[in-house]
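Next come the chains, spelled out residue by residue.
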Amino acid sequence: ETAPVAEPVAQPPVPIRNGAAPPIEAVPEWPEPWKSQLGRVQRKKPVVWTSLELGHDLCGQPDRLRRALWGSIIDKLNWPKGAVVFWPFSRLSGERLDIRPDLFWKGIALIDPSLIVLFGDQTLRVLLPDAIPAFGPFRSADHACLYLPGPGDMLPDNRQAKLVVWEYLRHVSF
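Quick caveat: nothing in here was measured; it's all calculated off a predicted structure.

A.B. asks: Help me understand the environment of Gly-107 in this model?
C.D. replies: Structurally, Gly-107 can be placed in helix H4 (residues 101-111). In this structure Gly-107 comes out as buried when scored by relative accessible area, which is 0%. Sequence separation between Gly-107 and Lys-35 is 72 residues, and the spatial gap between their C-alpha atoms is 9.6 Å. Excluding residues within four positions of it along the chain, Gly-107 makes contact with Trp-30 and Trp-87.

Here's what the structure looks like:
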């Protein structure tokens, strides 16, 4: 059976199934890692990838297996350069993760992605708590979203979870 196609914002994949994102307010000075990530945005309407683990990976405690996983997926997709922007909703504060969905959504308003890819159950629960936890495309407020298994679901070598991710992402078009 073929996975449904995740489409860009211009053609919503399915009707809205959850509430609006939090209101947007100006951020006078972006803290790290958001500031650095904003500088990496290279194109209009990129695809944003996010997961809970990005807080570790972008704040000095990167996991080599996750990095290799993301790199492998991006290489095999053969998307245009700069198509993916990793946008966190957490950062390391000492030994714990500081969860900041407010900064995530403020950045989304600036980046204006064509698609937000939410990797993992915790990501979906934090960013869109009213969303139905079923893998696939959906619409939230003004954003096309795609919910997929997280890196912890795919690693070390869960081929079924990787196949779900691949089947959805390979249908994303630019």
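A.B. asks: Explain the nonpolar core here, please?
C.D. replies: For soluble globular proteins, the rule of thumb is that nonpolar side chains tend to be buried together. In this structure, Trp-49, Ile-73, Trp-79, Val-117, Phe-119 and Leu-169 are the most contacted members of the largest nonpolar core, which totals 23 residues. Of all elements in the fold, only strand E1 (47-51), helix H3 (64-77), strand E2 (84-86), strand E5 (115-119), strand E7 (143-148) and helix H7 (159-169) reach the threshold of two or more residues within this core. Among the nonpolar cores identified, the runner-up in size contains 21 residues, and Trp-87, Leu-103, Ile-111 and Leu-118 belong to it.

A.B. asks: Please explain the sheet that holds E2 as it appears in this structure.
C.D. replies: An order of E2-E1-E5-E7-E6 is seen for the five strands of this open sheet, with the pairing classed as mixed. Both outer strands of the open sheet, E2 and strand E6 (136-140), are each paired with one neighbouring strand and no more. For this sheet the average axis-to-axis angle between neighbouring strands, irrespective of direction, equals 30°. Sheet analysis places E5 next to E7, joined by four bridges and oriented parallel. What sits directly across from Leu-118, in E7, is Tyr-147. Contacts from H3 reach E1, E2 and E5, with the element oriented near 160° to E1. Running at roughly 155° to E7, H7 makes contact with E1, E5, E6 and E7 of the sheet.

A.B. asks: I tried to follow H7 on my own but got confused; where do I start?
C.D. replies: Residues spaced three or four apart along an α-helix point in a common direction, a consequence of the helix completing one turn every 3.6 residues. For H7, the full list of buried residues reads Ala-161, Val-165, Glu-167, Tyr-168 and Leu-169. In this structure, the buried residues of H7 make contact with E1, H3, E5, E6, E7 and helix H6 (151-154). N-cap assignment for H7: the residue whose side-chain oxygen lies 3.1 Å from the backbone N of Gln-160 is Asn-158.

A.B. asks: Which parts of the structure should I look at to understand the pairing of strand E3 (residues 90-93)?
C.D. replies: Two faces belong to every sheet, and in a regular strand the side chains alternate between them. With burial as the criterion, only one face of E3 is covered, namely that bearing Ser-90 and Leu-92; the residues Arg-91 and Ser-93 on the opposite face remain uncovered. Pairing of E3 with strand E4 (residues 96-99) involves four bridges; the strand directions are antiparallel. Across the sheet, Ser-90 pairs through a bridge with Ile-99, a residue of E4. Counting the residues that bridge the hairpin from E3 to E4 gives two residues, and of these Gly-94 lies at a positive phi of roughly 70°.

A.B. asks: Help me understand unusual backbone geometry, please; the structure alone is not making it clear to me.
C.D. replies: The phi torsion of most residues other than glycine is negative, and most of the peptide bonds are trans. With omega at 5°, the peptide bond leading from Glu-32 into Pro-33 counts as cis. Positive phi is not limited to glycine here, since Asn-78 has a value of about 55°. A relative accessible area of 65% places Asn-78 in the exposed class. The phi dihedral of Asp-112 is positive, around 55°, even though this residue is not glycine.

A.B. asks: What am I meant to see in the side chain of Thr-50 here?
C.D. replies: Relative to the helices and strands, Thr-50 is located in strand E1. Of note is the side chain of Thr-50, whose polar atom sits 2.7 Å from the backbone oxygen of Trp-87. Residues within four places of Thr-50 in sequence aside, it is in contact with Trp-87, Pro-88, Phe-89, Phe-104, Val-117, Leu-118, Phe-119, Thr-123 and Leu-127.

Definitions and cut-offs
- Residues numbered from 1 in each chain as written.
- Predicted model: local features only at pLDDT ≥ 70, side-chain atom pairs only at ≥ 80, totals over all residues.
- Heavy atoms only, no water.
- Helix = DSSP H or I, 4+ residues; strand = E, 2+ residues; numbered from the N terminus.
- Buried < 20%, exposed > 50% of the residue type's maximum accessible area, 1.4 Å probe, protein only.
- Contact = heavy atoms within 4.5 Å.
- Core = buried A, V, L, I, M, F, W, Y, C linked by side-chain atoms within 4.5 Å.
- Pairing = 2+ DSSP bridges.
- Axes fitted to C-alpha atoms, helices over the stretch in contact; angles between N-to-C directions.
- Polar contact = N/O pair within 3.5 Å; in protein donor to acceptor, adjacent residues only side chain to side chain.

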